[in-house]
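The residues making up each chain are set out below.
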Amino acid sequence: MRTITQRIQSLQSYMVANNLDVLYISGTDVHLSEYVAPRYRTREWVTGFTGSAGTVILTREETHLWVDSRYYLQAAIQIENTPVILEKLGSEGVLDPFMWIAKHSDTIKRIGFDKNSMSVALYRNMVSASENAEITILLLDDFFDQLWGDRPSIPYSTILALPESITGLSRADKINSIRASLMERGATSTIVTTLDDIAWITNLRAKDLPHTPVFFSYLIITMNDAILCTRKSRFREELLKEIAPVIKVVEYEDVLSSIDSSIPLHSSIYISPEQTTMSIFQAVGKRGIIIEGENFSTALKASKNEVELEGMRRAHLLDGIALVKLLSSLSKSNETLTEITIAQKLERYREEQEEYISPSFSPIAGFGPHGAMEHYSAKVDSCSSLEGSSLLVLDTGGQYESGTTDVTRTLCFGEPSDQMIKDYTLVLKGNLALSSIRFPKGTCGYQLDVLARQFLWQAGLLYAHGTGHGVGHRLNVHEGPHNISPKPIKVPLVPGMIMSNEPGLYRKGEYGIRLENLVAVFEEGVTLFGPFYTFEVLTLCPFEKRLIDVSILSDQEIDMLNAYHGWVMSELKDHLKDEEKVWLQEATLPLEK
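**Focus on the pattern of salt bridges**
Then, in step 1: For the coordinates displayed, the defined rule picks out 29 salt bridges.
Then, in step 2: Across the pair Lys 115 and Asp 141 runs a salt bridge, and its minimum N-O distance is 3.8 Å. With Lys 115 in the loop between strand E5 (110-114) and helix H5 (120-130) and Asp 141 in the loop between strand E6 (136-140) and helix H6 (144-147), this residue pair connects regions lying 26 residues apart in the sequence.
Then, in step 3: Ionic pairing is found between Arg 236 and Glu 238, a salt bridge with its closest N-O pair at 3.6 Å.
Then, in step 4: Arg 236 gets classed as partly exposed once you look at its relative accessible area, which sits at 44%.
Then, in step 5: Judged by relative accessible area, which is 53%, Glu 238 ranks as exposed.

Quick look at the structure:
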């Protein structure tokens, strides 16, 4: 196996041979996925960094890796003893990749991108950043095929169909809704390349990516046809017959020829620049006029229907049972666990549920200083034992037949310090404030973000990550277009949207705290000023009472916390063994000043 240095050298030799000054590596796949199959872990192959976000730029002499604050500590450890230079986005004096290229435009004249894993929007940003620098941008085919000798192949797992009792809408309903939207925009066809959108539209699922039940495919929708480009061999014959009246299946490799054969010349084709690669964009551009906008399915799937919402409630009930079983077992066991074995133990409790499928992402279990790394990933040779007095950030989730979960609790081992208790309580106050807010129609997530941060700010503390991300229905644990963060993303929150509420605090070298519930938007009522919305909390798991300083909670906050714990108890008690129920009764006893 070649070392990181040897891999970098092979890429630099490729650059010399092709007269390139820079190679830009986004680390995503041909569908612009956040989490990618082993074949497309190019960022990891080049640098050794395993996080899900980061940009690599190679020159003929250097290799730079840009990550944000979530991944900086992890990246610093993983690239140690390699030639990779780490850049922390958002830090003073650190330019973003585009600005860095522009600054070095005296020596950078030819930049190579893989057109199959570069979005149209990213390409345009690069063009804009370099337009005054006389830089040539070259769109290349996947150059890793030439250099990565033992590169994994594309996975093609078996495809299964979800019934309408889970999805709430048929695939025909969804496709017809997209056709209606196409007509409104003056288009006659669209190409969907993002895997979660395709899975949602078709009501199909598979296991091509870890933790995410999607499948490698493209979907072409015209006014008369819906063509799914994937492997036919992965379908049962009965399923092919079932979807045949609505969807025609062709081979995955036939996507470009299918675009040519299904879309007449001089057509109006709708695509999303942020959700489409340059290779598909170039093929579509030959067929006619392009109309741009976000995939119609992105907004449709973000607002869950009543069947999906009920499924998500069911998934969180099952998840709550597993979480309480774990917490109850910890309270009476003398077993010494590690960051890895506690996550495995929770996984076993989830597996007791017949409706459980898999984790919804790789578990994050960080004890003590590891908890201060926001996206820490424990390894066998470096994980910590849960011994002594400190905090454990346990961030996990599950894929169930009916929905997807994502939950974080911070657990106390040993005796907490006064600082730990105060920090935890301030984070909890932010979680409660966001959960209980009432807001008018048209409000965006960034307008609510400060609610979760206010108490930390007042104490001179902060966290650098977003407060909330969208969550899919039996799909991606991270789903757009909505979120809750300081970034002014102008996507109004609407009923049916599900997102996380996860403020945190991270003291480098000491411990971390994060408290995460999933919440759903619903309309609470209509006043003279129009509709007002609020959040329904979905997550069922008590908070750590030993870490709560009641003296800095308001009476309203105490009432809210007691009401939440009372709800957790009432929902879970009939699903627990006697000793587990006793533990939960104690964990949810009302707090008093």
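**A closer look at the environment of Leu 451**
Then, in step 1: Tracing the sequence through the fold places Leu 451 in helix H17 (residues 449-458).
Then, in step 2: Separated by 32 residues in sequence, Leu 451 and Gln 419 have C-alpha atoms that sit 22 Å apart.
Then, in step 3: Filtering out sequence-adjacent residues up to four positions away, Leu 451 remains in contact with Gly 430, Ala 433, Leu 434 and Ile 437.

**Description of the nonpolar core**
Then, in step 1: In terms of nonpolar packing, the biggest core is built from 77 residues, with Ile 342, Leu 392, Phe 535 and Leu 572 touching the most fellow members.
Then, in step 2: Once residues within four sequence positions are removed from consideration, Ile 342 is found in contact with Leu 326, Leu 330, Leu 337, Ala 365, Leu 386, Leu 392, Leu 394, Leu 411 and Phe 413.
Then, in step 3: Membership of the second largest hydrophobic core comes to 53 residues, among which are Val 36, Tyr 218, Cys 229 and Val 284.

**Observations concerning the sheet that holds strand E18 (residues 398-400)**
Then, in step 1: The strand order across the open sheet built from 3 strands is E15-E18-E19, with neighbouring strands paired in antiparallel fashion. One side of each edge strand has no neighbouring strand; the edge strands of this open sheet are strand E15 (356-359) and strand E19 (403-404).
Then, in step 2: Pairing of E15 with E18 involves 3 bridges; the strand directions are antiparallel. Bridging from a neighbouring strand, Ser 358 pairs with Gln 399 of E18.
Then, in step 3: Against the sheet, helix H15 (residues 339-351) engages E15 and E18, with an angle of about 160° to E15.

**Section: empty space enclosed by the protein**
Then, in step 1: With the rule as written, the count across this model stands at 3 cavities of 30 Å³ or more.
Then, in step 2: Counted as a void, the largest cavity has a volume near 120 Å³.
Then, in step 3: Lining the largest cavity are 15 residues; nearest its centre among them are Ser 26, Thr 42, Asp 114, Ser 117 and Phe 144.
Then, in step 4: For the lining of the largest cavity, the secondary-structure elements that each account for two or more residues are strand E1 (22-25) and E5.
Then, in step 5: Split into classes, the residues belonging to the lining of the largest cavity amount to 7 nonpolar, 5 polar and 3 charged.
Then, in step 6: By volume, the second largest cavity is sized at about 40 Å³.
Then, in step 7: Forming the boundary of the second largest cavity are Leu 323, Leu 326, Leu 327, Leu 394, Arg 409, Leu 411 and Cys 541.
Then, in step 8: Elements that contribute at least two residues to the lining of the second largest cavity include exactly helix H14 (306-332) and strand E20 (407-413).
Then, in step 9: Looking at the lining of the second largest cavity, the element that brings in the most residues is H14, giving 3 residues.
Then, in step 10: The residue inventory of the lining of the second largest cavity, partitioned by class, reads 6 nonpolar, no polar and 1 charged.

**Some thoughts on the packing of aromatic side chains**
Then, in step 1: Taken as a whole, this structure holds 20 aromatic pairs when the rule is applied.
Then, in step 2: Consider the rings of Phe 543 and Tyr 564, whose centres lie 5.5 Å apart with planes at 40°: the pair is tilted. Here Phe 543 is found in the loop between strand E28 (530-537) and helix H18 (555-572), whereas its partner Tyr 564 is found in helix H18, with 21 residues between them in sequence. An identical accessibility class is assigned to Phe 543 and Tyr 564; each is buried.
Then, in step 3: Here the aromatic residues Tyr 14, Trp 45, Phe 143, Phe 144 and Trp 148 are joined through ring pairs into a cluster of three or more.
Then, in step 4: A cation sits over an aromatic face here: Arg 39 above Tyr 40, 5.8 Å from the ring centre.
Then, in step 5: Across from the ring centre of Tyr 463, 4.0 Å away, lies the NZ or CZ of Arg 453, which sits over that ring.

**Brief notes about the sheet that holds strand E3 (residues 63-67)**
Then, in step 1: The strand order E4-E3-E2-E1-E5-E6 describes an open sheet built from 6 strands, whose pairing is mixed. This sheet does not close on itself; its edge strands, each paired only once, are strand E4 (84-88) and E6. Here the strands of the sheet are splayed against their neighbours by 25° on average, with no regard to which way each runs.
Then, in step 2: As defined by bridge partners, E1 adjoins E5 across 3 bridges and the pair is classed as parallel. In the sheet register, Val 22 faces E5, and the bridge partner there is Ile 111.
Then, in step 3: Where helix H1 (residues 4-17) meets the sheet, its contacts fall on E1, strand E2 (55-59), E3, E4 and E6, and the angle it forms with E2 comes to roughly 60°.

Rules used in this analysis
- Residues numbered from 1 in each chain as written.
- Predicted model: local features only at pLDDT ≥ 70, side-chain atom pairs only at ≥ 80, totals over all residues.
- Heavy atoms only, no water.
- Salt bridge = Lys/Arg side-chain N within 4 Å of Asp/Glu carboxyl O.
- Helix = DSSP H or I, 4+ residues; strand = E, 2+ residues; numbered from the N terminus.
- Buried < 20%, exposed > 50% of the residue type's maximum accessible area, 1.4 Å probe, protein only.
- Contact = heavy atoms within 4.5 Å.
- Core = buried A, V, L, I, M, F, W, Y, C linked by side-chain atoms within 4.5 Å.
- Pairing = 2+ DSSP bridges.
- Axes fitted to C-alpha atoms, helices over the stretch in contact; angles between N-to-C directions.
- 1 Å grid on protein atoms, 1.4 Å probe; cavity = no way out; pocket = protein on both sides within 12 Å on 5 of 7 lines; lining within 4 Å.
- Points joined across faces, edges and corners; volume = space filled by probe spheres on them.
- Nonpolar A, V, L, I, M, F, W, Y, C, P; charged D, E, K, R; others polar.
- Phe/Tyr/Trp six-rings, centres within 6.5 Å; stacked < 30°, edge-to-face > 60°.
- Lys NZ or Arg CZ within 6 Å of the ring centre and 35° of its normal.

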